[in-house]
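Report on the structure
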Amino acid sequence: MRVIDVLPLLSTVAGLPAPYRTGQTSARRIVSHTLSPSIVLFWLLCLLLLQGCAGLVVGVSNTSIDGRQPAELPMKFRTLGPDHRFSELSSTAVAERLRALRPGEPLSILALSGGGAGGAFGAGAVAGLTQTGARPTFDVVTGVSAGALVAPYAFLGSTWDAQLLDAFTGVAGDNLLQSRGLGVIFGSSVYSGRPLQQLIDAYVSDDMVRAIAREADKGRLLLVATTDVASGEPVVWDLGAIARNGGASARTLFRDVLVASVSVPGMFPPVIIRVAEDGLIHDQAHVDGAATMPFFVPAALLQNTRSAPGSPRAAVFVIVDGSLSEAARSTRLTARAILSRSIRAGLSHMLLTTLELTAATAQLAGADLQYSSLPAGYPLPDTFDFSASIRRPLFRYAYQCAETGRLWTAFPPVDDDKKSSHGITRTETAPCPADNPFFGYLATR
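Residues numbered from 1 in each chain as written. Predicted model: local features only at pLDDT ≥ 70, side-chain atom pairs only at ≥ 80, totals over all residues. Heavy atoms only, no water.

Some thoughts on the state of the cysteines
Counting across every chain of the model gives one disulfide. Paired by a disulfide, Cys-401 and Cys-432 hold their sulfur atoms 2.0 Å apart. The sign of the S-S torsion, about -85 degrees, decides the handedness of the disulfide formed by Cys-401 and Cys-432: left-handed. Note that Cys-401 is positioned in helix H14 (residues 388-403) and Cys-432 in the loop between strand E11 (409-411) and helix H15 (437-444), a separation of 31 residues in sequence. In this structure, Cys-401 and Cys-432 share a single accessibility class: buried. (Disulfide = S-S within 2.5 Å. Helix = DSSP H or I, 4+ residues; strand = E, 2+ residues; numbered from the N terminus. Buried < 20%, exposed > 50% of the residue type's maximum accessible area, 1.4 Å probe, protein only.)

Quick notes on the pairing of strand E4 (residues 140-144)
With five of five residues buried, E4 lies mostly within the body of the structure. Where burial is concerned, the two faces of E4 agree: the one with Val-140, Thr-142 and Val-144 and the one with Val-141 and Gly-143 are both buried. Of the strand pairs in this sheet, strand E3 (residues 108-112) and E4 are connected by four bridges, and their pairing is parallel. Residue pairing across strands places Ile-109 opposite Val-140, the latter belonging to E4. Handedness of the crossover is the feature at issue here: the chain leaves E3, passes through helix H6 (residues 119-132), returns alongside E4, and the resulting connection is right-handed. In the sheet, E4 pairs with strand E5 (residues 221-228) via five bridges, with the strands oriented parallel. Looking across to E5, one finds that Val-141 is bridged to Leu-222. (Pairing = 2+ DSSP bridges. Right-handed = clockwise from strand over helix to strand, strands pointing away.)

Concerning the environment of Gly-322
On the secondary structure map, Gly-322 appears in the loop between strand E9 (315-320) and helix H13 (335-364). Note on Gly-322: relative accessible area 14%, which makes it buried. Considered as a pair, Gly-322 and Ser-373 are 51 residues apart in the sequence and their alpha carbons are 6.2 Å apart. Leave out the neighbours within four places in its chain, and Gly-322 touches Ser-373 and Leu-374. (Contact = heavy atoms within 4.5 Å.)

A few points about the packing of helix H10 (residues 206-217) against helix H12 (residues 250-262)
Helix-helix packing: each pair is described by the crossing angle between the helix axes and the interaxial distance. Two elements in contact, H10 and H12, have axes whose closest approach is 10 Å; the angle formed by their N-to-C orientations is 90 degrees. The angle between the axes of H10 and H12 places the two elements in the roughly perpendicular class. Listed contacts from H12 to Asp-206, Val-209 and Ile-212 of H10 are Ala-250, Arg-251 and Phe-254. (Axes fitted to C-alpha atoms, helices over the stretch in contact; angles between N-to-C directions. Parallel < 35°, antiparallel > 145°, perpendicular 65-115°, else oblique.)

Set out below in structure tokens:
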């Protein structure tokens, strides 16, 4: 394999759109016609050395305690206090405070996953639930990556549906991917981060931040996850606390967390967030939350939710902005095609595993869980094609499925003995998530 042949392989594995991959054609002509292999190898080594010198160095974050692995500890939320300093709160303490504000009331939790352009599925589902007349007022909303952009609208309720529609079906996203040209050699990403920042900044208004602050004052939680580049661990931000206590910079910080949560590593540059913590001020680089977890439902919020027999149960809703399985398709027996296919399949399995673990946790805690996912057969050609021609049909599809009551599949509670039909309705029309037999099987296995 020639050195230049590695370029299209890496671009495909990374899930980069066609405009980036086409750049290798011109490079191939130059390399093959004018330079010897030894010169090409020397050139590439020089670029790697320059890249190492040019990169921004960020400090290592201390996100674990007494040497234990993060998985062994309760999830923590990064919250902002009135003194404009961040602190880490245990999810257990937050859960106790939330239940104290709602004694005897079951919690309603919505978790939104990542999925690139598939975020339009979650947006359409949330808006469509309004039309059923039974859209919950979620006590807790969590978002990762594309789901993080839907989360504020889901948190604020149906009065923000018009803005949600505009954000996920408008043409602003058509120009999201702007190549950095030769700047990619010395930078941290293929595409410029400015269009993404400007797009999110246009929708994160002062009115939105104030409205979220008012809801946070009621004890509700809006949580968004990013990935700390230095530690390689997820960070969960309490956006309600940022909205309440961020002062004049609340909107900027709120926006930066959202931009970081959707900044796919390698595609978009990391977002540098200045954090005042424990008397020290330091910069942290954050990228896509989906790099470390596809979605999250804090287990502490589900603990001790089992109430007296006949009383309402806590409700967990999960919207997966992607597919839980890969549809069968012809695959060329080339290294590039097989590797790309394997990575997509691996991501689907990670979503599936996280969903099953979350469902098991919910059942043990006495909570009910319903989920929705994009069927594998839905024609979503490119996860990173953010054009309106892709997002609008997907938004409309999810909206109609939610409006007609064909969005959710329910995992059976522990005392259900797996005898119920789980609310699955088979129809002869275009299949919705609840019509998918795989989802029904998943809920009962």
